[in-house]
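Structural description and commentary
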Amino acid sequence: MTIAPNNVVTLTYKLHTVENGEKTFVEEAGKDNPLDFLFGVGMMLPKFEENIAGLKAGDTIDFELAAADAYGEVNEQAITSLPVNMFDEAGIPAVGQILPLQDNQGNQFRGKVTEVSPEVVVVDLNHPMAGHNLHFAIEVLSVREATPDELSHGHSHGPDGTHEH
């Protein structure tokens, strides 16, 4: 069976960022803890899915996604200064700390502290991979039809379709 919409795909990957031809390791999912997902429902980056569509179990592929096709370029508008008095109760965060934040509509997201001054805490709300080209090395372990439950839930229930959530 080849990878197509509404199939559950189980694969291993190694992810590197690429800058000026130099690769930097980010993470991997090995055979002991592979990635499984429902293909074609928007869970993965569209260009990621485009690159693996049509592959079958046992196939391997290496490909690179430009930043614009991955998590986008860094958006300077997503870097904001928060008044230091917002942190009176919790304490001033350290540079590099990831803050859980919430907007006025209740949407939750995270921001990375990039600077702290006596007046403001500067937070970068861009995705951590924004601005990076991504290199994937993938091995497809299995491809199967999604179960009716998986289709109605919109996600995989594990490599064999029986995992609870």
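Look up: the structure comes first, before these words.
Predicted model, so just to flag it, every value in this text is computed and none were measured.

Counting its secondary structure elements, the protein contains two helices and nine strands. Beginning at the N terminus, the succession of helices and strands in the protein can be written as β-β-β-α-β-β-β-β-β-β-α. Taking 2.2 N^0.38 as the reference for a compact globule, 165 residues should give roughly 15 Å; the C-alpha atoms of the protein span a radius of gyration of 19 Å, well beyond that estimate. With respect to the principal axes defined by its C-alpha atoms, the protein has extents near 60 × 40 × 25 Å. Burial status across the protein gives 34% buried among its 165 residues. In the protein, once contacts between residues fewer than 6 apart in sequence are set aside, the share between residues at least 24 apart is 63%. Carbon together with sulfur atoms contributes 47% to the accessible area of the protein, which is approximately 10,000 Å² in total. In the protein, 8 side chains carry a positive charge and 26 a negative one; their mean positions are 9 Å apart.

Here we come to the pattern of salt bridges. Scanning the entire structure with this criterion turns up four salt bridges. Put simply, glutamate 50 and lysine 47 hold a salt bridge, and the shortest N to O gap is 3.6 Å. With glutamate 50 and lysine 47 both in helix H1 (residues 46–52), this residue pair falls three residues apart, about one helical turn. Here glutamate 50 falls in the exposed class, since its relative accessible area comes to 52%. Between arginine 144 and glutamate 150 there is a salt bridge, and its shortest N-O distance comes to 2.7 Å. What makes arginine 144 buried here is its relative accessible area of 17%. Residue class for glutamate 150 comes out buried when judged on its relative accessible area of 0%.

Attention now goes to the sheet that holds strand S6 (residues 98–102). Taken together, four strands build an open sheet; the order of strands is S5-S8-S7-S6 and the sheet is antiparallel. Unpaired on one side and paired on the other, strand S5 (79–83) and S6 mark the two borders of the sheet. Direction aside, the axes of adjacent strands within the sheet are offset by 45° on average. Here S6 pairs with strand S7 (residues 108–116) via five bridges, running antiparallel. Across the sheet, the residue bridging to proline 100 is arginine 110, located in S7.

The bulk of non-glycine residues show a negative phi, and the bulk of peptide bonds are trans. Although it is not a glycine, asparagine 6 sits at a positive phi angle of roughly 70°. We note that asparagine 20 has phi near 55°; this positive angle belongs to a residue other than glycine. Tracing the sequence through the fold places asparagine 20 in the loop between strand S1 (7–19) and strand S2 (22–29). On the accessibility criterion, asparagine 20 (77% relative accessible area) is exposed.

Rules used throughout
Residues numbered from 1 in each chain as written. Predicted model: local features only at pLDDT ≥ 70, side-chain atom pairs only at ≥ 80, totals over all residues. Heavy atoms only, no water. Helix = DSSP H or I, 4+ residues; strand = E, 2+ residues; numbered from the N terminus. Rg over C-alpha atoms; globule rule 2.2 N^0.38 Å. Buried < 20%, exposed > 50% of the residue type's maximum accessible area, 1.4 Å probe, protein only. Contact = heavy atoms within 4.5 Å. Areas by Shrake-Rupley, 256 points an atom, 1.4 Å probe, with all protein chains shown as cover. Lys, Arg positive; Asp, Glu negative; His and termini not counted. Charge placed at Lys NZ, Arg CZ, Asp CG, Glu CD. Salt bridge = Lys/Arg side-chain N within 4 Å of Asp/Glu carboxyl O. Pairing = 2+ DSSP bridges. Axes fitted to C-alpha atoms, helices over the stretch in contact; angles between N-to-C directions.

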